[in-house]
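Architecture and fold: a report
Residues per chain, in single letters:
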Amino acid sequence: MKTPLKILITVSCVCAVISACLGVFYSFDGTARTVTNIYGQEITLYGDGIYANDSIMKAGATKGTDIVIIFAAMMLICVIFFFNQKKYAIFLQSGLLALILYASTCLIMGVSFNRLFLLYTLQFGSALFAFVLSIAKLLKSKSFDNTMYSKKLTGTVIFLIIGGCSVLVWMMFIIPSAVSGKPMEIIGCYTTEPTFAIDLAIILPSMLYCAIMLFKRKAVAYQLAPVMLTLLTGVGICVIMQTIVQSALGVVLNAGQFFGLVISFVTLGIIALLLNIRLLRHAV
């Protein structure tokens, strides 16, 4: 691995571990407080630690993601320093970078400004450029034997389409608000939700593109599919941890949210993991 890429990955991982550990463990024994947002809604803020000025729901979700990112960053460090010669290394590297980049984007755009903003910015920038370089390296490499590029992976194609379209679930929040002109019920103390934009503008078209190219048996799709599957697996694990932490903080999800958001994304994550394992067995 070229030195610039390794440096960028190391910087992003160190920043991710530091920011995530502070997000999970830092506390000044603050207490929750209720405020009125710009829409006239009463919102309960977490009141403690780095996420003191975030809603309890957002703080719980972010802390849950932080726990996953700690392990993802440590795993990525192990991949680039100890397992970089393994046939699956480049796929895990790109997939884990995608997960860290996703989480970093949510930090700089989705949580209230706090004292870690510059660290978040460094984390985001290094993860972004590392991901671009990693994908460029991946696309130039030949990771499977010639017989693999001729296989018709119908199941994976269908799953990528379903996985991509799963983000359309956010429309149940967006459309009613856009039609009525009223703020979303989950908007809290924020003006927007970056997850919606990232998923609909980037994840959805990326998944569909990969599925279409895989259906056409284009080599680029065989290279990108494991990265997409790794990201989906990471998202599924994040949803599990987010739900656990939110539940510990007293956040109660209704049946629609639990089955429509939690169960669906966790199921997708499990299937993505199984498909990825099967696919990476053919890596050379």
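Shown above is the structure to which this text applies.
Please read these numbers as outputs of a predicted model, since none were measured by experiment.

This paragraph deals with the overall build of the chain. The helix and strand inventory of the chain stands at nine helices and two strands. Ordering the α and β elements of the chain from the N terminus gives α-β-β-α-α-α-α-α-α-α-α. Its C-alpha radius of gyration of 19 Å places the chain within 12% of the 19 Å reference for a compact globule of 284 residues. Referenced to the eigenvectors of the C-alpha coordinate spread, the extents of the chain come out at roughly 60 × 40 × 30 Å.

Here the focus is the packing of aromatic side chains. Using the criterion set out here, one finds six aromatic pairs in the structure. Seen from their ring centres, Phe113 and Phe117 are 5.4 Å apart, and the 40 degrees between their planes marks the pair as tilted. Residue Phe113 is classed as exposed on the basis of its relative accessible area, which comes to 66%. Judged by its relative accessible area of 31%, Phe117 falls in the partly exposed class. Taking the centre distance of 6.1 Å and the plane angle of 10 degrees together, the rings of Phe173 and Phe196 count as stacked. In this pair, Phe173 sits in helix H6 (residues 171-180) while Phe196 sits in helix H7 (residues 194-215), placing the two residues 23 residues apart along the sequence. Taken together, the ring pairs connect Trp170, Phe173, Phe196 and Phe265 into an aromatic cluster.

What follows covers the environment of Lys152. Note on placement: Lys152 falls in the loop between helix H4 (117-140) and helix H5 (154-165). Overall, the relative accessible area of 49% leaves Lys152 in the partly exposed class. Expressed as a C-alpha distance, the spacing of Lys152 and Thr3, which sit 149 residues apart in the sequence, is 37 Å. Sequence-distant contacts of Lys152, defined by excluding residues within four places in its chain, comprise Phe215 and Arg217.

Another aspect to go through is unusual backbone geometry. Backbone geometry places Asp29, a non-glycine residue, at a positive phi of 60 degrees. Considering the arrangement of structural elements, one finds Asp29 in the loop between helix H1 (3-25) and strand E1 (33-36). Of note, the phi angle at Arg217 is positive, near 60 degrees, even though the residue is not glycine. By relative accessible area, which is 40% here, Arg217 ends up partly exposed.

Definitions and cut-offs
Residues numbered from 1 in each chain as written. Predicted model: local features only at pLDDT ≥ 70, side-chain atom pairs only at ≥ 80, totals over all residues. Heavy atoms only, no water. Helix = DSSP H or I, 4+ residues; strand = E, 2+ residues; numbered from the N terminus. Rg over C-alpha atoms; globule rule 2.2 N^0.38 Å. Phe/Tyr/Trp six-rings, centres within 6.5 Å; stacked < 30°, edge-to-face > 60°. Buried < 20%, exposed > 50% of the residue type's maximum accessible area, 1.4 Å probe, protein only. Contact = heavy atoms within 4.5 Å.

Limitation: the analysis is restricted to geometry and does not speak to function.
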